[in-house]
Amino acid sequence: MSGYSLGIKEIDDHIGRIRGGSNIMMIGPPMSCKDDIINIIIYNGVKDNDAAIVVSTREPGERVFNWFKENKLDISNANIGIVDCVTKTLGMGAADTENIKRASSPVDLTGIGVKISQFFEQFLMKKNIANTRLCINSLSTILMYSNIQTVFRFLHVFTGRVKAANALGIYVVEDEMHDPQTIATLKQLFDGMIEIKASGDGYAMRVVGFTPKPTPWFNYEMDGMNLIMQESV
Amino acid sequence: MIETGIIKLDDYLMGGIPNGKSLIYYTHPGVEGNVFGMQTLYHNLAAGMKCVFVASSSDPSMIIDTFNEFGWNLEAYRENLIIVDAYSGLIGATSNEKYIVGDPENIDSLNETIEKVIEELDDKSVIMFESLSTIMDLCGEQKTLDAIKNWNTYGMLYEHVLIYNFTAWPYEPETLEHMKHNLFDAVITVGGIAERVIFGQYFGVLKAEWSDVELKSMLFRVLRPGGIRIYIPKIVVTGPFDAGKSTFVHALSTRAVSVDRIGTTVALDHGHVDYKGFSADIFGTPGQERFDPIIKMLSGEAMGIFLVVDSTNTKDFVRAKQMLEITKAYGLPLVIIANKQDKSDALKPEEIRKHFNIPDSVKILPAIADKGVGVFEAFESLVNKITEVA
Ligand SMILES: Nc1nc2c(ncn2[C@@H]2O[C@H](COP(=O)(O)OP(=O)(O)OP(=O)(O)O)[C@@H](O)[C@H]2O)c(=O)[nH]1
Ligand SMILES: [Mg+2]
């Protein structure tokens, strides 16, 4: 099947499959379980033999894999490549593994770019996998060390590569951390958004840009690795 | 003059980089251009030079680790290596280095430190900037362009060599034009062959003020450990039945497989060679006439050909010549292997030449493939021909 589904049923039912080459910004407040949602989207791909590339700026590569283990999801045969921007910043020497390549730091956009490209080559050319999901989690960390022009140039290149590779790009942004001008600048690069906001005691999400009107807001909560959704009224 | 330590590049540069000159590795995003500067730095450290590494995007304590991935042990030369820490200030970390840039986002702060280092160096040295693009990102394009002019002038005055790693993000077009044409004495472009993804990497000399060697692109790959290797995706080994082609492929290769049936090749041999800075994939063809369609197919897109002959078997030389036609070898770099030289009735290369109508520039080299004799000499000869610098 062509295109990508997120693996979040209520949303998928509204927007259908997202066409290959799309770039999406996921924006929401801290503590709104964005990491879990990203992992659900990744898992939904790799369980159907899609590949995934995760640029991790907040936790070491090993920790990213742990989430799947803790939730008893088998990813032993999954094609997941992690660009770990954390381990070397902590002053820890750890060698690259088949699935984890380590960049020098979140400032090292050159290195991050090389490693993303290598995983793309490995998955598309060597393993002949048609669909790859690229997740950058998060742009906000990268924006702590580099200014918006720098990040814009970087994304300009890599949203283009996502398009060329017919992949799906998802870029996480922490709401409230950036001024509106920064967000507006970034938005130009994306085809759509997964928006998350506080709602009552919890959070709600909707998707903008893939249907003529935004999807409704869905209140959600995490139950283990299950996302329980309810259309808000 | 210092060497870059990158095979073939030093040939293009007519030996290397003269003192007082600057060179930039101008890299397209996503391509492993950063290894070029590292390899040049390490090569010169190992040659006993004093070197300066300007760290802009790595924690200095991690640099040794990063070089180690390539098998380059900086610790052995630590007393000759000065690290300028233009990173710690950015993330608010403390630094143990002697030269620290207080505010990496301020070009004056960087300038001050670089000038100080240059003045305090007592020998002609190599100064390598880990990431000029990071500096540009932090300090702004125009300010960085001005600073580069200043550093290069300092380098010239004190006869240091300045090496820059640079990733060509989509900066202002004028900025990139300056980088490519005006600011440096030599510009090495490092690019990627992209289809849907980048699947091949090359470098070429865009400019080298002191060299009149013609520009040509070389494919490369990066080995860990090992560093930069010139990559030759396809060398074909052909020749008559039983000449020793499969034996030759296996003798050269670090790993190889053959598709044989009762001792004769029915499909192909494939091997991978890593030797003296070259990395090549080699393909052996069958020899028997009934496999001619396979031989033809296998030799498509070859970058060079080995023709293996059994030096005792003159009656097969006609077949050998025919195979040069099937593989379209006449237009390609070609080396003829006079194999089985251990046999008493083996003809010498000069005698074999009389049977072939080939120009003198085509070498005929003696070999005993099953003893591994002569095979690497032949490999070197062919890859040098393939990558010949005009
Ligand atoms: N004496 C001697 N024998 C050799 C030498 N090189 C290869 N042989 C022998 O020659 C025979 C043929 O070698 P192969 O490498 O299979 O020859 P080939 O050209 O691949 O043969 P086909 O694939 O059948 O066309 C084997 O018995 C080898 O051991 C050599 O230098 N000297
Ligand atoms: Mg054979």
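S.K.: Whenever I open this one, the overall build of chain A confuses me. Can you help?
M.R.: Scanning chain A from N- to C-terminus turns up seven helices and 10 strands. At 17 Å, chain A has a C-alpha radius of gyration in line with the 17 Å of a compact globule built from 233 residues. A principal-axis box enclosing the C-alpha atoms of chain A has dimensions of 50 × 40 × 35 Å. Counting over 233 residues, chain A shows a buried share of 60%. A sequence separation of at least 24 residues applies to 66% of the contacts in chain A between residues at least 6 apart. Looking at chain A as shown, the accessible area adds up to about 9,600 Å², and 49% of this sits on carbon and sulfur atoms.

S.K.: Which parts of the structure should I look at to understand the coordination of the magnesium ion (ligand 2)?
M.R.: Around a metal, the ideal angle is 109.5 degrees if four donors adopt a tetrahedral arrangement and 90 or 180 degrees if six donors adopt an octahedral arrangement. Summarising the metal site, the magnesium ion (ligand 2) is bound by the protein donors B:Ser246 (OG) and B:Thr265 (OG1), whose distances to it range over 1.9 to 2.1 Å. One end of the pair, B:Ser246, is in helix H9 (residues 245-252); the other, B:Thr265, is in strand E12 (residues 264-275), with 19 residues separating them in the sequence.

S.K.: Teacher, can you tell me more about the pattern of salt bridges here?
M.R.: All names here are of chain B. For the structure on display, the rule yields 31 salt bridges over all chains. Among the salt bridges present, the one from Asp-281 reaches Arg-221, with a minimum N-O distance of 3.8 Å. In this pair, Asp-281 is assigned in strand E13 (residues 278-284) and Arg-221 in strand E9 (residues 218-223), connecting sequence segments 60 residues apart. Given the relative accessible area of 11%, Asp-281 is considered buried.

S.K.: So what exactly am I meant to see when it comes to the domain arrangement of chain B here?
M.R.: Many descriptions give the size of an interface as the accessible area lost when the pieces come together. All names here are of chain B. Along its sequence, chain B is organised into domain 1 (9-225) and domain 2 (232-386). Summarising the inter-unit geometry, the C-alpha centres of domain 1 and domain 2 are found 41 Å apart. Contacts between domain 1 and domain 2 engage four residues on the former and six residues on the latter. Surface buried jointly by domain 1 and domain 2 totals about 340 Å² across both partners, of which 51% is contributed by carbon and sulfur atoms. Seen at the junction of domain 1 and domain 2, the total is one salt bridge. If you look at where domain 1 meets domain 2, you find two residue pairs in polar contact (both at pLDDT 80 or more). Each residue belonging to the side of domain 1 that touches domain 2 can be placed in one class, and the counts come to two nonpolar, no polar and two charged.

S.K.: When you look at the packing of helix H4 (residues 109-126) of chain A against helix H6 (residues 148-164) of chain A in this model, what are you seeing that I'm missing?
M.R.: Packed helix pairs are characterised by how far apart their axes lie and by the angle those axes make with each other. Residues and elements named next belong to chain A. Two elements in contact, H4 and H6, have axes whose closest approach is 12 Å; the angle formed by their N-to-C orientations is 5°. In terms of axis orientation, H4 runs roughly parallel to H6. For the pair H4 and H6, the contacting residues are Leu-109, Ile-112, Gly-113, Ile-116, Ser-117 and Phe-120 in the first and Thr-150, Phe-154, Phe-158, Arg-161 and Val-162 in the second. Residues that form the contact of H4 with H6 fall into these classes: seven nonpolar, three polar and one charged.

S.K.: Looking at this structure, how should I read the sheet that holds strand E3 (residues 79-84) of chain A?
M.R.: Residue and element names in this part refer to chain A. Here we have 10 strands laid out as an open sheet, ordered E4-E3-E2-E5-E6-E1-E7-E8-E9-E10, and mixed in their pairing. Of all strands in the sheet, those bounded by a partner on one side alone are strand E4 (100-102) and strand E10 (226-231). Neighbouring strand axes in the sheet, compared pairwise and without regard to direction, differ in orientation by 20° on average. The sheet contact formed by strand E9 (residues 218-223) and E10 spans six bridges and is antiparallel. Residue pairing for E10: Asn-219 is matched across the bridge by Gln-230. Helix-sheet contacts for H6 involve strand E1 (23-28), strand E5 (132-137) and strand E6 (168-174), and the interaxial angle to E6 is about 145°.

S.K.: Looking at this model, I keep getting lost on the site of ligand 1. Mind explaining?
M.R.: Residues and elements named next belong to chain B. What surrounds ligand 1 is a group of 19 residues, the closest being Lys-245, Ser-246, Thr-247, Thr-264 and Thr-265. The separation between an oxygen atom of ligand 1 and a polar side-chain atom of Asp-370 is 3.4 Å. Summarising the interface, the protein chains cover 81% of the accessible area of ligand 1, which totals 660 Å² for the free molecule. It is H9 that contributes the most residues to the shell around ligand 1, three residues altogether. In terms of residue class, the shell around ligand 1 is built from five nonpolar, eight polar and six charged.

S.K.: Help me out: how do you make sense of a nonpolar patch on the surface in this one?
M.R.: Together, A:Met125, B:Ile193 and B:Phe199 make up an exposed nonpolar region whose accessible area comes to about 240 Å². Relative to the elements of secondary structure, B:Ile193 occurs in strand E7 (residues 186-194). Among the residues examined, B:Ile193 registers a relative accessible area of 33% and is labelled partly exposed.

S.K.: I'm lost on the packing of aromatic side chains in this one. Help?
M.R.: Each pair of aromatic rings is reported with the distance of its centres and the angle of its planes. All names here are of chain A. This structure, assessed with the given rule, holds 26 aromatic pairs over all chains. With a centroid separation of 5.9 Å and 15° between ring planes, the pair formed by Phe-119 and Phe-123 is classed as stacked. Taken together, the residues span about one helical turn, with Phe-119 and Phe-123 both in helix H4 at a distance of four residues. Given a relative accessible area of 0%, Phe-119 falls into the buried group. Take Phe-123: its relative accessible area is 1%, and that puts it in the buried class.

Rules and cut-offs
- Residues numbered from 1 in each chain as written.
- Chains lettered and ligands numbered in written order.
- Predicted model: local features only at pLDDT ≥ 70, side-chain atom pairs only at ≥ 80, totals over all residues.
- Heavy atoms only, no water.
- Helix = DSSP H or I, 4+ residues; strand = E, 2+ residues; numbered from the N terminus.
- Rg over C-alpha atoms; globule rule 2.2 N^0.38 Å.
- Buried < 20%, exposed > 50% of the residue type's maximum accessible area, 1.4 Å probe, protein only.
- Contact = heavy atoms within 4.5 Å.
- Areas by Shrake-Rupley, 256 points an atom, 1.4 Å probe, with all protein chains shown as cover.
- Donors = N, O, S within 2.8 Å, 3.2 Å for Na, K, Ca; no water.
- Salt bridge = Lys/Arg side-chain N within 4 Å of Asp/Glu carboxyl O.
- Domains from an automatic or database assignment.
- Buried area = accessible area lost by both parts, 1.4 Å probe.
- Polar contact = N/O pair within 3.5 Å; in protein donor to acceptor, adjacent residues only side chain to side chain.
- Nonpolar A, V, L, I, M, F, W, Y, C, P; charged D, E, K, R; others polar.
- Axes fitted to C-alpha atoms, helices over the stretch in contact; angles between N-to-C directions.
- Parallel < 35°, antiparallel > 145°, perpendicular 65-115°, else oblique.
- Pairing = 2+ DSSP bridges.
- Near = heavy atom within 4 Å.
- Patch = residues over 30% accessible without salt bridge, like charges linked within 9 Å, V, L, I, M, F, W, Y side chains within 5 Å.
- Phe/Tyr/Trp six-rings, centres within 6.5 Å; stacked < 30°, edge-to-face > 60°.

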